[in-house]
Amino acid sequence: MSDAARLDADDPLKHCRDWFELPEDIVYLDGNSLGPLLMRVREKMQQVVSNEWGERLIRGWNDGWIDLPQQTGAAIASLIGAGEADVICADSVSINLFKCLAVALQVNAGRNEVLVPEETFPTDMYMVQGFRSLGLDVFLRLVPEAELDQHISDKTAAVLVSHVNFKTGRLLDVAGMVKAAHRCESLLILDVSHTVGVVPIEATADEVDFVVGCGYKFLNGGPGAPAFVYVNPKHQGVSQPLSGWMGHKNPFEFDTAYEPAPGVTRYLSGTPTILGMSALSAALTVWEDVNIKEVRSKSLALADFFIQSVQATNALSEVELATPRDHAERGSQVSLRHEYAFALSQALIANGFVGDFREPDILRFGLAPLFNSFQDIERCVQALADLITTEAYLEPRFQQRSKVT
């Protein structure tokens, strides 16, 4: 029995793989971009479409649809260490970032700087830049990730950070960053899209001001699943500017003047996307049976095994590790650098090993402990070694780029 087989035999989460509808002919290492289909989600969607929508029609709103944003947010709350009443499911990460940024600029009126690590996922930067198109004097300041805390000042309204570097997998010290921001009375906005569901998060204990995240990566809510937002209770009295009717105190009174709902409900804007939210809500039921600490433990073990396997394979000597070795500094991915990373990623996919590529030279492998096994890793490393040894990745078909990489 191989080391990978022994590790799989001892894995306390091995039964979770059976919850997913995974194609038999692929090893899926891209759960950090899109989680696979859960059987319970398929069943729920059939019920929603055929029964709730098909038979109940508009009556579905009073049968539970209207409360889905709060209920789904409450289910996410335990994964980010927040109170159930402080999280709501709504819109997209980008829209929720806009809301949080607007509130932060209100709270810190007189400050116009938003500090963002230059390695952050670009949409976060774009949302800050959007304020200038409104004629507002909001300055996006990009600084090196490792120097972020050194640049926070009394000009900084908010510090906007991703919990993990989406390219390298480096994990941010949230508690330390909150303290650095709060020393200058700046607010911290944390994007946990790449960590929720695989890394324990303590929003309340760490005194984070805002948390945003998506539902389609490690939460397995489906493509385009709705996002969520956590708002620290001390900021919930400040209204966000996208004052849609669902964030109104009494939306069905149809007042001409906006009066915000109490608490985090005011972060709703338009009508909730019931199909997407129903899928995400069903996916979140897995956490009734899974402990996030066990998931984190397996995630670290999978990455350790991946790194050790790469470094023990002579054919992979030209591959450079981009992901930190230190557990405290690592998310749930392994990133490798190679001059022909794009072609290698395409060749791996063609051979049944689905990871992804990030510019300019990153091979990125997401590790989803609920369905990934140590034998998945073993097979992927061997496939990568074979491709480099044979130089098969140099074939013209692996140089062609599609819209999505």
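See the structure shown above.
My aim in this report is to walk through the structure given alongside it, one point at a time. Predicted, not measured: the structure shown is a model, and the values here were computed from it.

About the thresholds
Residues numbered from 1 in each chain as written. Predicted model: local features only at pLDDT ≥ 70, side-chain atom pairs only at ≥ 80, totals over all residues. Heavy atoms only, no water. Phe/Tyr/Trp six-rings, centres within 6.5 Å; stacked < 30°, edge-to-face > 60°. Helix = DSSP H or I, 4+ residues; strand = E, 2+ residues; numbered from the N terminus. Buried < 20%, exposed > 50% of the residue type's maximum accessible area, 1.4 Å probe, protein only. Lys NZ or Arg CZ within 6 Å of the ring centre and 35° of its normal. 1 Å grid on protein atoms, 1.4 Å probe; cavity = no way out; pocket = protein on both sides within 12 Å on 5 of 7 lines; lining within 4 Å. Points joined across faces, edges and corners; volume = space filled by probe spheres on them. Nonpolar A, V, L, I, M, F, W, Y, C, P; charged D, E, K, R; others polar. Contact = heavy atoms within 4.5 Å. Axes fitted to C-alpha atoms, helices over the stretch in contact; angles between N-to-C directions. Parallel < 35°, antiparallel > 145°, perpendicular 65-115°, else oblique. Left-handed = near helix turned anticlockwise from the far one by under 90°. Pairing = 2+ DSSP bridges. Core = buried A, V, L, I, M, F, W, Y, C linked by side-chain atoms within 4.5 Å.

What about the packing of aromatic side chains?
- Taken as a whole and judged by the stated rule, the model has 12 aromatic pairs.
- With a centroid separation of 5.8 Å and 85° between ring planes, the pair formed by F305 and F374 is classed as edge-to-face. Taken together, the residues span a long stretch of sequence, with F305 in helix 8 (residues 292-311) and F374 in helix 10 (residues 374-390) at a distance of 69 residues. Residues F305 and F374 agree in their burial class; the two are buried.
- Here the aromatic residues F20, Y28 and F371 are joined through ring pairs into a cluster of three or more.
- Across from the ring centre of F342, 4.2 Å away, lies the NZ or CZ of R401, which sits over that ring.

A closer look at empty space enclosed by the protein
- Inspection of every chain in the model, using the stated rule, returns two cavities of 30 Å³ or more.
- When its volume is computed, the largest cavity comes out at roughly 50 Å³.
- Taken together, G197, V198, F218, N220, A368, P369, L370 and F371 make up the full set of residues lining the largest cavity.
- Its residues assigned to classes, the lining of the largest cavity shows six nonpolar, two polar and no charged.
- There is about 40 Å³ of room inside the second largest cavity.
- Lining the second largest cavity are R17, L22, P23, I26, V27, Y28, F371, N372 and D376.
- The residue inventory of the lining of the second largest cavity, partitioned by class, reads six nonpolar, one polar and two charged.

Re the side chain of S162
- Mapped onto the elements of the fold, S162 is located in strand 5 (residues 156-162).
- Setting aside chain neighbours within four positions, we find S162 in contact with T120, F121, D124, L172, L190 and D191.

Some remarks on the packing of helix 4 (residues 93-107) against helix 5 (residues 122-129)
- Relative orientation of the contacting elements helix 4 and helix 5 amounts to 45°, with a least axis distance of 9 Å. Our classification of the angle between helix 4 and helix 5 gives oblique. With respect to the hand of their crossing, helix 4 and helix 5 are arranged in right-handed fashion. Of the residues in helix 5, those in contact with S94, L97, F98 and L101 of helix 4 are T123, D124, M127 and V128.
- Tallied by class, the residues present in the contact of helix 4 with helix 5 amount to five nonpolar, two polar and one charged.

As for helix 5
- Here helix 5 has its buried residues at T123, D124, M125, M127 and V128.
- Elements that come into contact with the buried residues of helix 5 comprise helix 4, strand 3 (113-117), strand 4 (139-143), strand 5 and strand 6 (187-191).

What to know about the pairing of strand 7 (residues 210-213)
- The two faces of strand 7 match: F210 and V212 on one face and V211 and G213 on the other face are all buried.
- In the sheet, strand 7 pairs with strand 8 (residues 228-231) via four bridges, with the strands oriented antiparallel. Each residue of the ladder has a partner; that of G213, found in strand 8, is F228.

Notes on the sheet that holds strand 12 (residues 356-358)
- Read across the open sheet, the four strands follow the order 9-10-13-12; overall the sheet is antiparallel. In the strand order of this sheet, the two ends are held by strand 9 (320-321) and strand 12, each with one partner.
- Where strand 10 (residues 333-337) meets strand 13 (residues 362-366), five bridges bridge the pair, whose relative direction is antiparallel. Each bridged residue has a counterpart across the sheet, and for R337 the counterpart in strand 13 is I362.
- Sheet strands in contact with helix 8 are strand 9, strand 10 and strand 13, and its direction is about 25° off that of strand 10.
- The strands touched by helix 9 (residues 341-350) are strand 12 and strand 13; relative to strand 13, the strand with the most contacts, the crossing angle is about 40°.

Side note on the nonpolar core
- Ranked by internal contacts, the top residues of the largest apolar core, which has 60 residues, are I80, V211, F228 and W287.
- Secondary structure elements with two or more residues in this core: helix 3 (68-77), strand 2 (87-89), strand 5, helix 6 (174-183), strand 6, strand 8, helix 7 (274-283) and helix 8.
- Tallying contributions element by element places helix 7 first for this core, with six residues.
- Not counting residues within four places of it along the chain, the set of residues in contact with W287 comprises L79, G197, L219, I292, V295 and L370.
- Of all hydrophobic cores here, the second largest spans 36 residues; its members include F305, V334, L363 and A383.

A short note on unusual backbone geometry
- Here the bond from E359 into P360 is cis, since omega is -5°, no more than 30 degrees from zero.
- Structurally, P360 is set in the loop between strand 12 and strand 13.
- Backbone geometry at E391 places phi at a positive 60°, although glycine is not the residue there.

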